[in-house]
Amino acid sequence: MRYLGLDLGSRTLGVALSDRMGLISHNVKIIRHNEEYDRLLDEVAKIVEEEGVEEIVLGYPKNMNNTIGPKAELSEEFKKKLEEKLNIKVHLQDERLSTKEATDILIIGDTSRKKRKKVIDSMAASIILQTYLDKKGN
């Protein structure tokens, strides 16, 4: 089963894909959106179709105290829109500290600050997706 991982930010959407067996995730790209969510839905639909995605894992940015804030509410709304448009299952995955983890990995890999900025959101999407895959036990 192929999964698509998404990290919805205020200006960008990080995108990651699993392998065809649903075991390993890898970062794909970043889509800049400037809060144009309808266009963003079309972009995601295109990826789903081209890559044969069967389910989506969307980052769920809960607050550190486990409460739901405005960003998590935005993810809930985006989840509903994705499910309506694509007619596939969308899972919410707690993404607390995923961006920090991605940053740490890139720093350990000696990635320049300029390059980190270009890949951090897709790397975070990959971490979100891999967390879901590991939890699911694929």
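Because the structure is predicted, anything quoted here is derived from the model rather than measured. (Residues numbered from 1 in each chain as written. Predicted model: local features only at pLDDT ≥ 70, side-chain atom pairs only at ≥ 80, totals over all residues. Heavy atoms only, no water.)

Description of the packing of helix H1 (residues 37-51) against helix H2 (residues 70-86)
Part 1 of the reasoning: Running from N to C, H1 and H2 cross one another at 55 degrees; their axes reach a closest spacing of 10 Å. In terms of their interaxial angle, H1 and H2 are classed as oblique. In this structure, the crossing between H1 and H2 has a hand that is right-handed. Between H1 and H2, the contacting residues are Tyr-37, Leu-40, Leu-41, Asp-42, Val-44, Ala-45 and Val-48 on the first element and Leu-74, Phe-78, Lys-81, Leu-82, Lys-85 and Leu-86 on the second.
Part 2 of the reasoning: Here the contact of H1 with H2 is composed, by residue class, of 10 nonpolar, no polar and 3 charged. (Axes fitted to C-alpha atoms, helices over the stretch in contact; angles between N-to-C directions. Helix = DSSP H or I, 4+ residues; strand = E, 2+ residues; numbered from the N terminus. Parallel < 35°, antiparallel > 145°, perpendicular 65-115°, else oblique. Left-handed = near helix turned anticlockwise from the far one by under 90°. Contact = heavy atoms within 4.5 Å. Nonpolar A, V, L, I, M, F, W, Y, C, P; charged D, E, K, R; others polar.)

Overview of H2
Part 1 of the reasoning: The end-to-end C-alpha distance of H2, which contains 17 residues, comes to 24 Å, matching closely the 24 Å that a straight helix rising 1.5 Å per residue would cover.
Part 2 of the reasoning: When H2 is considered as a whole, its buried residues turn out to be Ala-72, Ser-75, Phe-78, Lys-79, Leu-82 and Leu-86. Within H2, the buried residues cover an arc of 115 degrees as seen down the axis, which keeps them to one side. The exposed residues of H2 that point more than 90 degrees off its buried face are Pro-70, Lys-80 and Glu-84.
Part 3 of the reasoning: At its buried positions, H2 is contacted by strand E1 (3-8), H1, strand E4 (55-60) and strand E5 (89-94). (Expected span 1.5 Å × (residues − 1). Buried < 20%, exposed > 50% of the residue type's maximum accessible area, 1.4 Å probe, protein only. Arc of directions from axis to C-beta.)

Thoughts on the sheet that holds E4
Part 1 of the reasoning: Spatially, the 5 strands line up as an open sheet ordered E3-E2-E1-E4-E5, and their pairing is mixed. Strand pairing shows two members of the sheet lacking a second neighbour, strand E3 (25-32) and E5, which therefore form its edges. When the angles between neighbouring strand axes are averaged without regard to direction, this sheet yields 25 degrees.
Part 2 of the reasoning: Pairing between strand E2 (residues 12-18) and E3: 7 bridges, direction antiparallel. Following the sheet pairing, Thr-12 is matched in E3 by Arg-32.
Part 3 of the reasoning: Together, E1, E4 and E5 form the strand contacts of H2, whose direction differs from that of E4 by roughly 165 degrees. (Pairing = 2+ DSSP bridges.)

Re the layout of surface pockets
To find the voids left in a structure, one rolls a probe of water-molecule size over its atoms.
Part 1 of the reasoning: Reported here for the largest pocket is a volume of approximately 470 Å³.
Part 2 of the reasoning: In terms of lining residues, the largest pocket is bounded by 22 residues, among which Asp-7, Leu-8, Gly-9, Ser-10 and Lys-71 are the most central.
Part 3 of the reasoning: Residue assignment for the lining of the largest pocket shows that the elements contributing at least two residues are E1, H2 and helix H3 (98-108).
Part 4 of the reasoning: The dominant element in the lining of the largest pocket, judged by the number of residues it contributes, is H2, at 4 residues. (1 Å grid on protein atoms, 1.4 Å probe; cavity = no way out; pocket = protein on both sides within 12 Å on 5 of 7 lines; lining within 4 Å. Points joined across faces, edges and corners; volume = space filled by probe spheres on them.)

Describing the confidence of the model for the protein
Part 1 of the reasoning: With 95% of its residues at a pLDDT of 70 or more, the protein shows a mean pLDDT of 89.
Part 2 of the reasoning: Within the protein, no element has a lower average pLDDT than H3, which sits at 73, and none a higher one than E4, at 97. (pLDDT = per-residue confidence, 0-100.)

Considering the nonpolar core
Part 1 of the reasoning: Judged by nonpolar contacts, the single largest core of 22 residues is most densely connected at Leu-4, Leu-6, Val-44, Ile-56, Phe-78 and Leu-82.
Part 2 of the reasoning: Counting residues per element, the ones that place at least two in this core are E1, E2, H1, E4 and H2.
Part 3 of the reasoning: Ranked by residues supplied to this core, first place goes to H1 with 7 residues.
Part 4 of the reasoning: By size, the runner-up hydrophobic cluster in this structure holds 8 residues, among which are Val-57, Ala-125, Ile-128 and Leu-133. (Core = buried A, V, L, I, M, F, W, Y, C linked by side-chain atoms within 4.5 Å.)

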